[in-house]
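Below are the chains, spelled out letter by letter.
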Amino acid sequence: MSITKNEIKLIKSLGQKKVRQQERLFLVEGVKGIREFLDSKFELYQLFATDSIFDVETKLISPKDLQRISALKTPNTALAIFKMPQEKSIIDSSLILALDDVRDPGNLGTIIRLCDWFGIEQLVCSLETVDCFNSKVVQATMGSLTRVQIAYVDLENYLKQSKLEVYGTFMDGVSIYSQTFPEKGIIVMGNEANGISSKIEHLVNRKIGIPRFGNLKATESLNVATATAIVLSAFKGH
């Protein structure tokens, strides 16, 4: 069965954020990722595969057709379109991670996986942060997107209204290894190049930092996803 021109047009257009938001649809590629979404509360819209490997309605297409619609250099054997869920309200009852203008899809995807790993159920993103339904982000989450609640908000207003203590990561912050942390709070991670913005910095109650142990201390900064892993480990370890 060959793929139609309208199906190709829709799939290609979902590479654009504005179309994803208009249609409330996004793409998932690869058998493992698709299975994760099929086993979750996400609703399937359409599934394409080169083989009958799923227990749901599938449109079988040729490897050549899959190559045409895939965003990957080396396409997997399946591509699915899922419906975006309705965004839920943030509940200030746990440890929450907040991202201030994180732009790299790979970083966001890794951070979503870290939230899943460390049991962070709520991730709050500034409106400038890359879209979590960007296909590169979805791919990088390896299915963790199905288990982490993500909200896009005006981060400044959200932090002003929240009653939780706000922790921010800074180069001159107090070492995460010299203090204990509560079970509730908001941890803010900043932009890859500029860190936490000045408008968010003044809303931070406690500045924390990851100390450098190298003899030369020449490394300027850590990748934001790497830093997130270290910080979450410190919070959960205490």
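Before any of the text, the structure's been laid out above.
In this report, the structure presented in the accompanying data block is examined. None of the values given here were measured: they were computed from a predicted structure.

Looking now at helix H9 (residues 224-237). Compared with an ideal rise of 1.5 Å per residue, which puts 14 residues at 20 Å, H9 spans 20 Å between its outermost C-alpha atoms and is within 8% of the ideal. On its buried side, H9 packs onto strand S5 (95-99), helix H5 (105-118), strand S8 (166-175), strand S9 (185-189) and strand S10 (206-209). The opening residue of H9 is asparagine 223, an N-cap whose side-chain oxygen sits 2.8 Å from the backbone nitrogen of alanine 225.

Within a beta sheet, neighbouring strands are joined by backbone hydrogen bonds and run either parallel or antiparallel to one another. Reading across from one edge, S1-S4-S2-S3 is the order of the 4 strands in this open sheet, with mixed pairing throughout. Among the strands making up the open sheet, the edge pair consists of strand S1 (25-29) and strand S3 (59-60). Bridging between strand S2 (residues 44-49) and S3 involves 2 bridges; their strand directions are parallel. Following the sheet pairing, phenylalanine 48 is matched in S3 by lysine 59. Helix H1 (residues 5-13) rests against S1, S2, S3 and strand S4 (78-83) of the sheet, and its axis sits at about 110° to S2. Sheet strands touched by helix H3 (residues 31-38): S1, S2 and S4. Its angle to S4, the strand with the most contacts, is close to 30°.

Next up on the list: the pattern of salt bridges. The final tally for this structure, using the stated rule, is 10 salt bridges. The salt bridge involving glutamate 36 is made with lysine 32; its shortest N-O contact spans 3.3 Å. On the criterion of helical spacing, the pair formed by glutamate 36 and lysine 32 is a turn pair, its members being 4 residues apart in helix H3. Among the salt bridges present, the one from lysine 83 reaches glutamate 43, with a minimum N-O distance of 3.0 Å. With lysine 83 in strand S4 and glutamate 43 in the loop between H3 and S2, this residue pair connects regions lying 40 residues apart in the sequence.

Analysis parameters
- The residue count restarts for each chain, going from 1 along the sequence in the order it is written.
- Residues qualify for local features only when their pLDDT is at least 70, as the model is predicted, and side-chain atom pairs are given and counted only at 80 or more; totals for whole chains, interfaces and linings, by contrast, use all residues.
- Hydrogen atoms and water are omitted, and side-chain values are computed over all heavy atoms in the structure.
- Helix and strand labels come from DSSP, where a helix needs a run of H or I of at least four residues and a strand needs a run of E of at least two; each type is numbered from the N terminus.
- The span you would expect from a helix comes to 1.5 Å times its residue count less one.
- Should any heavy atoms of two residues lie within 4.5 Å, those residues are counted as being in contact.
- For the purposes of these results, a polar contact is taken to be a pair of N or O atoms within 3.5 Å, where, inside protein, one atom must be able to donate a hydrogen and its partner to accept one; residues adjacent in sequence count only when each atom of the pair is a side-chain atom.
- At least two DSSP bridges between two strands are needed for those strands to be called paired.
- Under this scheme, a helix contributes an axis fitted over its contacting stretch, all axes are lines through C-alpha atoms, and angles between N-to-C directions fall in the 0 to 180 degree range.
- For this document, the term salt bridge refers to a Lys or Arg side-chain nitrogen within 4 Å of an Asp or Glu carboxyl oxygen.

Keep in mind that these numbers describe shape and distance, not what the molecule does.
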